[in-house]
Amino acid sequence: MLNLSASLVASAIVNQRRRATTDTPVKLRREIESCRACPRLVRWRESVARDKRAAYRSDVYWGRPVAGFGDAKARIVVLGLAPGAHGANRTGRVFTGDRSGDWLFRAMHRAGLANQPESQNRDDGLVLSDAFVTVAVRCAPPDNSPTPLERKKCAPYLEREMTMLKQARVVVCLGNFAYVAACEHFGVARRPKFGHGLVVPIDNAVAGGNMHLVCSYHPSQQNTFTGRLTEPMLDAVFATALRLARGAC
Ligand code: SF4
């Protein structure tokens, strides 16, 4: 059974890579949004959308996978874990409609990467400049914990987005899960231990030359309520990302 799963994943990855050569943002978005490759996550995202949280009872939940969002010419890519059950899984846009998104976009606004500090819904006028926000796994997972197999199945979507983001020079990894996904994407063989503020330079063929990963604690309520992540700490991460994106040391 394990071998069968592994070979199915391998063949899905090969097929997605083949499609990447003819990708457009619209085509990729459509494919992502219609994906049903992970039965456990499909069941979960749809059950959350059906049952809803009481505060959002009148909302029509998105309940589908979520594509990345932002500036096609971005030098800074912000990589999160997965859609929040009542955030992106409700609104249909990454980091939109929950507390994590409030923290992230306020910081991006302060850094000059977003035109406004709020991210409420897909029609709220939010525009990113020089930044693209995406996630390692496109469906909301139970307990915010996708399995390694689910991460692998979803990885080609990140590859395809990164292939289109030709000017990307920095990936801000929000949390260890995103960091591992980014290291796997770039083929980082000896991964330094994750830590807030960690900077990992990458200079290989996948990265297309000079690329940096900049790590941050995830702006989840678990981290922000406890003070593990503060706004100055997140601002410092974006200041580093901007400096590296501009080519300064
Ligand atoms: S997690 Fe990714 S691969 Fe799995 S169903 Fe969602 S979009 Fe498809």
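About the thresholds
- Residues numbered from 1 in each chain as written.
- Predicted model: local features only at pLDDT ≥ 70, side-chain atom pairs only at ≥ 80, totals over all residues.
- pLDDT = per-residue confidence, 0-100.
- Contact = placed C-beta atoms within 7 Å.
- Near = placed C-beta within 6 Å.
- Helix = DSSP H or I, 4+ residues; strand = E, 2+ residues; numbered from the N terminus.
- Nonpolar A, V, L, I, M, F, W, Y, C, P; charged D, E, K, R; others polar.
- Buried ≥ 20, exposed ≤ 12 C-beta atoms within 10 Å, placed from the backbone.
- Axes fitted to C-alpha atoms, helices over the stretch in contact; angles between N-to-C directions.
- Parallel < 35°, antiparallel > 145°, perpendicular 65-115°, else oblique.
- Left-handed = near helix turned anticlockwise from the far one by under 90°.
- Core = buried A, V, L, I, M, F, W, Y, C linked by C-beta atoms within 7 Å.

### Some thoughts on the confidence of the model for the chain
Moving on, step 1. When pLDDT is averaged along the chain, the result is 92, and 91% of the positions lie at 70 or above.
Moving on, step 2. Within the model, pLDDT remains below 50 along residues 1-5, and this stretch shows 1 contact once partners closer than five positions in the same chain are excluded.

### Focus on the site of the ligand
Moving on, step 1. Around the ligand, the structure places 14 residues, and the nearest of them are C35, C38, R138, C139 and C154.
Moving on, step 2. Within the residue set of the shell around the ligand, elements represented by two or more residues are α3 (39-51) and α6 (148-164).
Moving on, step 3. For the shell around the ligand, the leading source of residues is α6, giving 3 residues.
Moving on, step 4. Of the residues contributing to the shell around the ligand, the split by class is 10 nonpolar, no polar and 4 charged.

### Section: the environment of H86
Moving on, step 1. Checked against the element boundaries, H86 lands in the loop between β2 (76-80) and α4 (88-91).
Moving on, step 2. For H86, a count of 19 C-beta atoms within 10 Å gives the class partly exposed.
Moving on, step 3. The spatial distance from the C-alpha of H86 to the C-alpha of W62 is 9.6 Å, given a sequence separation of 24 residues.
Moving on, step 4. Apart from the residues lying within four places of it in its own chain, the contact partners of H86 are R53, Y56 and D98.

### Structural notes on the packing of helix α5 (residues 99-110) against helix α9 (residues 231-245)
Moving on, step 1. Axis separation between α5 and α9 bottoms out at 10 Å; the angle between their running directions is 55 degrees. Considering the angle they form, α5 stands oblique to α9. By crossing handedness, the relation of α5 to α9 is classed as right-handed. Here W103, A107, M108 and R110 of α5 lie close against α9, whose contacting residues are E231, L234, D235 and F238.
Moving on, step 2. For the contact of α5 with α9, the class distribution of residues is 5 nonpolar, no polar and 3 charged.

### Brief notes about the nonpolar core
Generally speaking, nonpolar side chains in soluble globular proteins are found buried as a group.
Moving on, step 1. Among the nonpolar cores identified, the biggest contains 67 residues, and I76, L79, A136, V172, C173, A178 and A182 are the most heavily contacted of them.
Moving on, step 2. Ranked by residue count, the leading element in this core is helix α7 (residues 176-186), at 7 residues.
Moving on, step 3. When sequence neighbours within four positions are dropped, the list of residues in contact with C173 reads L79, A178, Y179, A182, L213, C215 and S216.

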